[in-house]
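# Structural characterization, general
Here is how the chains run, residue by residue.
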Amino acid sequence: MEKTTNSYLNIEKENLCSETHPVIFHGKKSEYFLIWLVNLLLTIITLGVYSAWATVRTRRYFLGNTEINGSRFEYHASAFRIFLTRLIIVVLLVLFIVSEYIHVGFKYAFLATLFLLTPYFLVRSWRFNAIMTSYRNVRFNFQTNYSKAYWIILLLPFLLIVASIVSVYGIGSVISIINTINQRNNGYSYQELKSFYFVMSIVQIAVMTVLLYLIASFRSKKIYEFFVNHLCFGKSNFSIKLKYSKFLNIYGIAFLIFLPFLIIAALGFYQFLSTEVFHANYNVDKKSTSFVTSVLFLSYIDVYVGFFVSYAYIHVATRRLVINTMEFNNTLNFKSTMTFSSYLLLLITNALLVIFTLGFGAPIAQIRYANYMAENTKIIGDLSLKNEIAHDDTHATALHDEVLNEFDLGLSI
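Notes on the structure in this doc start here. (Residues numbered from 1 in each chain as written. Predicted model: local features only at pLDDT ≥ 70, side-chain atom pairs only at ≥ 80, totals over all residues. Heavy atoms only, no water.)

This part takes up the sheet that holds strand S3 (residues 71-75). The strand order S1-S2-S3-S4-S5-S6-S7-S8-S9-S10 describes a closed barrel built from 10 strands, whose pairing is antiparallel. With 5 bridges connecting them, strand S9 (residues 332-336) and strand S10 (residues 377-381) associate as antiparallel partners. Bridging from a neighbouring strand, Phe 334 pairs with Ile 379 of S10. The strands touched by helix H5 (residues 104-131) are S3, strand S4 (133-135), strand S5 (138-142) and strand S6 (231-233); relative to S5, the strand with the most contacts, the crossing angle is about 175 degrees. (Pairing = 2+ DSSP bridges. Helix = DSSP H or I, 4+ residues; strand = E, 2+ residues; numbered from the N terminus. Contact = heavy atoms within 4.5 Å. Axes fitted to C-alpha atoms, helices over the stretch in contact; angles between N-to-C directions.)

This brings us to the environment of Arg 320. If you trace the backbone, Arg 320 turns up in helix H9 (residues 289-325). Separated by 16 residues in sequence, Arg 320 and Ser 336 place their C-alpha atoms 5.1 Å apart.

Another point: the pairing of strand S7 (residues 236-239). Two faces belong to every sheet, and in a regular strand the side chains alternate between them. Bridge count between S6 and S7: 2 bridges; the pairing is antiparallel. Note that in S7 the partner of Phe 233 across the bridge is Ser 236. Adjacent in sequence and paired antiparallel, S6 and S7 are bridged by 2 residues, among which Gly 234 carries a positive phi angle near 65 degrees. The pairing of S7 with strand S8 (residues 327-328) spans 2 bridges and is antiparallel. Within S8, the position partnered with Phe 238 by the bridge is Phe 328.

A few words now on the packing of aromatic side chains. This model, assessed by the stated rule, comprises 31 aromatic pairs. With a centroid separation of 5.7 Å and 15 degrees between ring planes, the pair formed by Phe 25 and Phe 62 is classed as stacked. Taken together, the residues span a long stretch of sequence, with Phe 25 in strand S1 (residues 20-25) and Phe 62 in helix H3 (residues 51-64) at a distance of 37 residues. Like Phe 62, Phe 25 is buried. Ring centres of Phe 218 and Tyr 244 lie 5.5 Å apart, and the angle between their planes is 85 degrees; on these two criteria the pair is classed as edge-to-face. Note that Phe 218 is positioned in helix H7 (residues 190-229) and Tyr 244 in helix H8 (residues 244-282), a separation of 26 residues in sequence. Connected via pairs of aromatic rings, a cluster forms that spans Phe 73, Tyr 135, Phe 140, Phe 233, Phe 238, Phe 328 and Phe 334. (Phe/Tyr/Trp six-rings, centres within 6.5 Å; stacked < 30°, edge-to-face > 60°. Buried < 20%, exposed > 50% of the residue type's maximum accessible area, 1.4 Å probe, protein only.)

This part is about a nonpolar patch on the surface. Taken together, the side chains of Phe 115, Leu 116, Trp 151, Leu 155, Phe 158, Leu 159, Val 162 and Val 166 make up a nonpolar region of the molecular surface, amounting to roughly 770 Å² of accessible area. With respect to the helices, strands and loops of the structure, Val 166 is situated in helix H6 (residues 146-185). (Patch = residues over 30% accessible without salt bridge, like charges linked within 9 Å, V, L, I, M, F, W, Y side chains within 5 Å. Areas by Shrake-Rupley, 256 points an atom, 1.4 Å probe, with all protein chains shown as cover. Salt bridge = Lys/Arg side-chain N within 4 Å of Asp/Glu carboxyl O.)

Counting 52 residues, the largest nonpolar core has Phe 226, Phe 238 and Phe 334 as the members making the most contacts within it. Top contributing element to this core by residue count: H8, with 7 residues. For Phe 226, the contacting residues outside a window of four places in its chain are Val 123, Trp 126, Phe 142, Thr 144, Lys 148, Ala 149, Ile 152 and Ile 153. (Core = buried A, V, L, I, M, F, W, Y, C linked by side-chain atoms within 4.5 Å.)

With that settled, the discussion passes to the side chain of Ser 310. Within the fold, Ser 310 resides in helix H9. By relative accessible area, Ser 310 is classed as buried at 1%. Discounting chain neighbours no more than four positions away, the residues touching Ser 310 are Tyr 213, Ala 254, Ile 257 and Phe 258.

All right, on to the side chain of Thr 377 then. Structurally, Thr 377 can be placed in strand S10. Excluding anything up to four places from it in sequence, Thr 377 contacts Pro 22, Val 23, Arg 319 and Lys 335.

This next bit is on helix H2 (residues 29-45). Between its first and last C-alpha, H2 extends 24 Å over 17 residues, near the 24 Å set by a 1.5 Å rise per residue. Every buried residue of H2 is listed here: Tyr 32, Ile 35, Trp 36 and Asn 39. Projected down its long axis, H2 shows its buried positions confined to an angular sector of 100 degrees, all on one face. Exposed side chains of H2 directed beyond 90 degrees from the buried face belong to Ser 30, Leu 34, Ile 44 and Ile 45. Looking at the packing, one finds that the buried side of H2 touches H3 and helix H11 (362-375). Positive phi shows up at Leu 47, right after H2, with a value of about 55 degrees. (Expected span 1.5 Å × (residues − 1). Arc of directions from axis to C-beta.)

Our focus in this paragraph is the pattern of salt bridges. A full pass over the atoms with the stated rule returns 2 salt bridges. When the shortest N-O distance is used, the salt bridge between Arg 72 and Glu 67 registers 4.0 Å. Overall, Arg 72 belongs to the partly exposed group, its relative accessible area being 37%. Overall, the relative accessible area of 17% leaves Glu 67 in the buried class. With a shortest N-O distance of 3.0 Å, Lys 221 and Glu 225 are connected by a salt bridge. Pair noted here: Lys 221 and Glu 225 are both in helix H7, with a separation of 4 residues, about one helical turn. For Lys 221, a relative accessible area of 11% gives the class buried. Judged by relative accessible area, Glu 225 falls into the buried class, the value being 14%.

See below:
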């Protein structure tokens, strides 16, 4: 009898561990549009004062409408505290503007200080958002040491970028020296000189692009590992171990996606070189200014579209890799079913929706995005979470979160 009971319990445990739980988003377009519209009008009427309350209402709406296994998330931040921190930010911005009139050194000192404090603000913002979010009355948390954050977020990427710039500059210097020697010996015709500078520019751009993609892949791996491995639910940790080869593959494919756009832009740049710049220096008949402007504009749009498509692939592939590799307390696994084509289509249609509605389609686009992310995320395992103990670290300051958001440092993952 005891053996039968144990077998039954083991089967039940296995079933719980293999159970798949979908993420369900209950937000409605019409409902959120009214909330968004009221937030917008009150923010305008109060000259921005209501923006803190609008932020909290928005976050509570999206988290409160996200359900997993019959329970929804909650957001606990105080709108008044966020309002006070935004007042501090306004004062800092005023001081920054005034400092330029006192002495230009104060301006650069302010920017340098902000740059050096970026890892601190970023870690505190992650901690703030984690602690202010709960599920089944248990809050999340983010715990780490700042020395590791400074190394991964600031120092390592900075050193890699400096090394890349030096490498590209070195390549350009070598090519210029070779060009100078050949020109002294043989001389260059206009066509040869134009071709030389075109090739040199393409080589430098290609090398810099490859190096930036390599740096981005390395940075992405380190930051995702850093973030997930220090994220907690209650007193239990999330964990992840990623392979650099996977990120190299993701960013390598992203680079190949971007490459045709880069080649087209390079051809446009070649046309530019063959008109305004070289014609001005060699007294050759100029083409119309409008043609040059059009070529440069189309090249810029081409590069922007290339980055947009490349970013979409990176986002989908990285999210799938991270979500599918992440674990929680050795009891839960996660699964992302996003696809590049569906996500790219979502981004394009959302962008068109916002553009053609003059911004009033933004709340609908947000609901569509939240629905898509929920539909393509699954949790596998026992979600009873009976053994999870709530931590007592429920106090966080909103200052760091708001400073990071207001200055938009572009470091969030």
